[in-house]
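Here's the letter readout for the chains.
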Amino acid sequence: MNRARSARDPRRPRPGGRARSLLRGRSARALALLAGCGLAVLVGCGQGSEADPDAALIQRGKVVYETSCSACHARAPGEDGPVGPAITGSSMELLRAKVLRNEYPAGYTPKRDTQAMVPLVHVEADLPAVHAYLESVAK
Ligand code: HEC
């Protein structure tokens with residue numbers, strides 16, 4: 001009798017209620033932790049790309065140059081290659097004309113008068129990267 005009454009005593013914290021509030025406390029901490037991690041990741045990413053936004057572009061251009069151009073042009077783009085001439089310092093306009101259409105910009109004097117290079121249209125999207133790479137090694 002007595003025990004049953006005390007079990008219903010409103011002053012005694014109910015086991016269920018206590019567990020729920022504990023859970024609330026824990027999940028709030030977990031959420032705060034998650035938010036903190038997310039923020040750290042965001043800040044980390046921001047710093048990574050802000051540190052040198054050109055580095056990734058240059059690196060991409062180097063890969064494209066080595067896979068698509070260095071069979072004919074020298075591995076070091078500032079030197080004459082076995083077939084193609086040195087191409088550091090090429091403007092974006094020259095790159096577009098030569099790589100995409102096998103043409104030269106109006107008034108441009110080609111370094112070689114051969115017609116051995118073929119258009120390489122598949123690198124169109126990567127031309128800015130190739131340009132950035134050529135600029136980076138020209139310095
Ligand atoms: C099949 C060999 C070959 C490949 C591959 C090649 N080139 Fe060439 N490239 C040449 C040759 C040879 C010339 C000289 C002109 C000619 O014969 O077409 C040349 C000329 C150029 C020129 C003009 C240079 C000047 O100022 O007169 C540019 C710019 C150029 N290449 C960029 C590239 C880029 C960028 C790539 C890679 C995306 C590439 N080439 C891939 C052979 C090649």
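Residues numbered from 1 in each chain as written. Predicted model: local features only at pLDDT ≥ 70, side-chain atom pairs only at ≥ 80, totals over all residues.

Can you help me understand the overall build of the protein in this one?
Looking only at helices and strands, one finds five helices and zero strands in the protein. The order of α-helices and β-strands along the protein, N terminus first, is α-α-α-α-α. Burial status across the protein gives 12% buried among its 139 residues. (Helix = DSSP H or I, 4+ residues; strand = E, 2+ residues; numbered from the N terminus. Buried ≥ 20, exposed ≤ 12 C-beta atoms within 10 Å, placed from the backbone.)

Looking at this model, I keep getting lost on the packing of helix 4 (residues 92–101) against helix 5 (residues 127–138). Mind explaining?
When two helices pack together, you describe them by how their axes are tilted relative to each other and by the distance separating the axes. For the pair helix 4 and helix 5, the least separation of the axes is 10 Å and the interaxial angle reads 125°. It follows from the interaxial angle that helix 4 and helix 5 lie oblique. Both helix 4 and helix 5 take part in a crossing whose hand is right-handed. Contacts between helix 4 and helix 5 involve Met92, Leu95, Arg96 and Val99 on the former and, on the latter, Leu127, Val130 and His131. By residue class, the composition of the contact of helix 4 with helix 5 is five nonpolar, one polar and one charged. (Axes fitted to C-alpha atoms, helices over the stretch in contact; angles between N-to-C directions. Parallel < 35°, antiparallel > 145°, perpendicular 65-115°, else oblique. Left-handed = near helix turned anticlockwise from the far one by under 90°. Contact = placed C-beta atoms within 7 Å. Nonpolar A, V, L, I, M, F, W, Y, C, P; charged D, E, K, R; others polar.)

When you look at the site of the ligand in this model, what are you seeing that I'm missing?
With respect to spatial proximity, 25 residues lie near the ligand, and among them Cys69, Cys72, Gly84, Thr114 and Met117 are the closest. Ranked by residue count, the leading element in the shell around the ligand is helix 4, at four residues. (Near = placed C-beta within 6 Å.)

Could you clarify how one ought to interpret the nonpolar core in this entry?
Inside soluble globular proteins, nonpolar side chains tend to come together where they are buried. Listed in full, the nine residues of the largest apolar core are Val64, Tyr65, Cys69, Ile87, Ala129, Val130, Ala132, Tyr133 and Leu134. Elements with a contribution of two residues or more to this core: helix 3 (53–68) and helix 5. With residues near it in sequence (within four places) discarded, Tyr133 still touches Ile58, Gly61, Lys62 and Tyr65. (Core = buried A, V, L, I, M, F, W, Y, C linked by C-beta atoms within 7 Å.)

Please explain the environment of Ala106 as it appears in this structure.
Tracing the sequence through the fold places Ala106 in the loop between helix 4 and helix 5. Along the primary structure Ala106 and Leu94 are separated by 12 residues, whereas in three dimensions their C-alpha atoms are 9.6 Å apart.

How should helix 5 be read in this particular structure?
Side chains of residues three or four places apart in an α-helix project in the same direction, reflecting 3.6 residues per turn. Here helix 5 contains 12 residues, and its C-alpha end-to-end distance of 16 Å stays within 8% of the 16 Å for a straight helix at 1.5 Å per residue. Along its buried surface, helix 5 packs onto helix 3 and helix 4. (Expected span 1.5 Å × (residues − 1).)

Help me understand the packing of helix 3 against helix 5 in this model?
Taken N-terminus to C-terminus, the directions of helix 3 and helix 5 make an angle of 100°; their axes are 7 Å apart at the nearest point. With respect to their mutual orientation, helix 3 and helix 5 come out roughly perpendicular. Contact residues: Asp54, Leu57, Ile58, Arg60, Gly61, Lys62, Val64 and Tyr65 in helix 3; Pro128, Ala129, Val130, His131, Ala132, Tyr133 and Ser136 in helix 5. Residues of the contact of helix 3 with helix 5, tallied by class, amount to nine nonpolar, three polar and three charged.

Please clarify how the confidence of the model for the protein should be interpreted in this entry.
Atomic detail in the predicted coordinates should be set aside for any region of low pLDDT. The share of residues in the protein with pLDDT of 70 or more is 63%, and the mean pLDDT across the chain is 80. Averaged over each element, pLDDT in the protein is lowest for helix 2 (residues 15–51) (50) and highest for helix 4 (98). In this model residues 30–34 is a low-confidence stretch, pLDDT under 50, and it forms zero contacts with partners more than four residues away in sequence or in other chains. This model gives residues 36–48 a pLDDT under 50, and the stretch forms zero contacts once residues within four places in sequence are excluded. (pLDDT = per-residue confidence, 0-100.)

Explain unusual backbone geometry to me, please; I cannot follow it from the model alone.
Apart from glycine, the bulk of residues carry a negative phi angle, and the bulk of peptide bonds sit in the trans form. The backbone phi angle of Asn102 is positive, close to 55°, even though this residue is not glycine. Note on placement: Asn102 falls in the loop between helix 4 and helix 5.

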